Amino acid sequence: MSSQPAYAPYSPDPAAAPASHPAAPTAGRRTLNLPALFALITGVLLISPVAIVLGHIGIVQARRRRQSGMILAVLGLVLGYVGLIATVAALVALVVYVNSGPTPPTTF
């Protein structure tokens, strides 16, 4: 003989929830992935390394968590790589320009 009383399993009635608690989001609603949004923002602001990192994080998280924002992450990633390539090209052009000036005469 068991000494524990037989109780029904706990199952709260969703209709009896207090009015002060907000309703849970619907199953069809997808949340926005924040790293994807910040990747786009930092890509527009030309902070390329941050945009690249956040873009990759945003893509992975959006896939795993089934969130929206995949396009934002890809756009941030593209802007980040374009900004990085433009920065490297500008630095190379600057070095070539500085080194292309007249060379001083050398005497041995």
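Notes on the structure in this doc start here.

What counts as what
- Residues numbered from 1 in each chain as written.
- Predicted model: local features only at pLDDT ≥ 70, side-chain atom pairs only at ≥ 80, totals over all residues.
- Heavy atoms only, no water.
- Helix = DSSP H or I, 4+ residues; strand = E, 2+ residues; numbered from the N terminus.
- Buried < 20%, exposed > 50% of the residue type's maximum accessible area, 1.4 Å probe, protein only.
- Contact = heavy atoms within 4.5 Å.
- Axes fitted to C-alpha atoms, helices over the stretch in contact; angles between N-to-C directions.
- Parallel < 35°, antiparallel > 145°, perpendicular 65-115°, else oblique.
- Left-handed = near helix turned anticlockwise from the far one by under 90°.
- Arc of directions from axis to C-beta.
- Polar contact = N/O pair within 3.5 Å; in protein donor to acceptor, adjacent residues only side chain to side chain.
- Expected span 1.5 Å × (residues − 1).
- Nonpolar A, V, L, I, M, F, W, Y, C, P; charged D, E, K, R; others polar.
- Core = buried A, V, L, I, M, F, W, Y, C linked by side-chain atoms within 4.5 Å.

**So, the overall build of the protein**
- Scanning the protein from terminus to terminus reveals 3 helices and 0 strands.
- For the protein, the proportion of its 108 residues judged to be buried stands at 19%.
- Long-range pairs, those at least 24 residues apart, make up 62% of the contacts in the protein between residues at least 6 apart in sequence.

**Concerning the packing of helix 1 (residues 34-44) against helix 2 (residues 48-65)**
- Orientation of helix 1 relative to helix 2, taken along the N-to-C sense of each, is 155°, at an axis distance of 7 Å. As summarised for this structure, helix 1 and helix 2 are arranged roughly antiparallel, according to the angle between their axes. Between helix 1 and helix 2 lies a crossing of left-handed hand. Along its contact with helix 1, which presents P35, A36, F38, A39, T42 and G43, the element helix 2 presents V50, A51, L54, G55, I57, G58 and Q61.

**Looking at helix 1**
- Residues of helix 1 that are buried: P35, A36, A39, T42 and G43. Angular distribution of buried residues about the axis of helix 1 spans 130°; they occupy a single face of the element.
- Taken together, the buried residues of helix 1 touch helix 2 and helix 3 (70-99).
- One side-chain oxygen of the residue at the start of helix 1 lies 3.1 Å from the amide nitrogen of A36, identifying that residue as N33.

**Structural notes on the side chain of Q67**
- With respect to the helices and strands, the residue Q67 is situated in the loop between helix 2 and helix 3.
- Overall, Q67 belongs to the buried group, its relative accessible area being 13%.
- Reaching out from Q67, the side chain makes a polar contact with the side chain of N33 at a distance of 2.6 Å.
- Ignoring any residue separated from it by four or fewer positions in sequence, one finds Q67 in contact with R30, T31, N33, Q61 and A62.

**Structural notes on helix 3**
- The first and last C-alpha atoms of helix 3 sit 44 Å apart over 30 residues, in line with the 44 Å expected at 1.5 Å per residue.
- Residues of helix 3 that are buried include every one of A73, G76, L77, G80 and G83, and no others.
- Residues of helix 3 that are buried in the fold lie against helix 1 and helix 2.

**Quick look at the packing of helix 1 against helix 3**
- Across the interface, helix 1 lies against helix 3 with an axial gap of 7 Å and an inter-helix angle of 30°. By the angle between their axes, helix 1 is roughly parallel relative to helix 3. Handedness of the helix 1/helix 3 crossing: left-handed. Between helix 1 and helix 3, the contacting residues are A36, L37, A39, L40, G43 and V44 on the first element and L72, A73, L75, G76 and L79 on the second.
- The residue makeup of the contact of helix 1 with helix 3, split by class, is 9 nonpolar, 2 polar and no charged.

**Concerning the nonpolar core**
- Within the largest apolar cluster, 5 residues are counted, these being A36, I52, I59, A73 and L77.
- Those elements giving two or more residues to this core turn out to be helix 2 and helix 3.
- Here A36 is in contact with G58, G69, L72 and A73, once residues within four sequence places are set aside.

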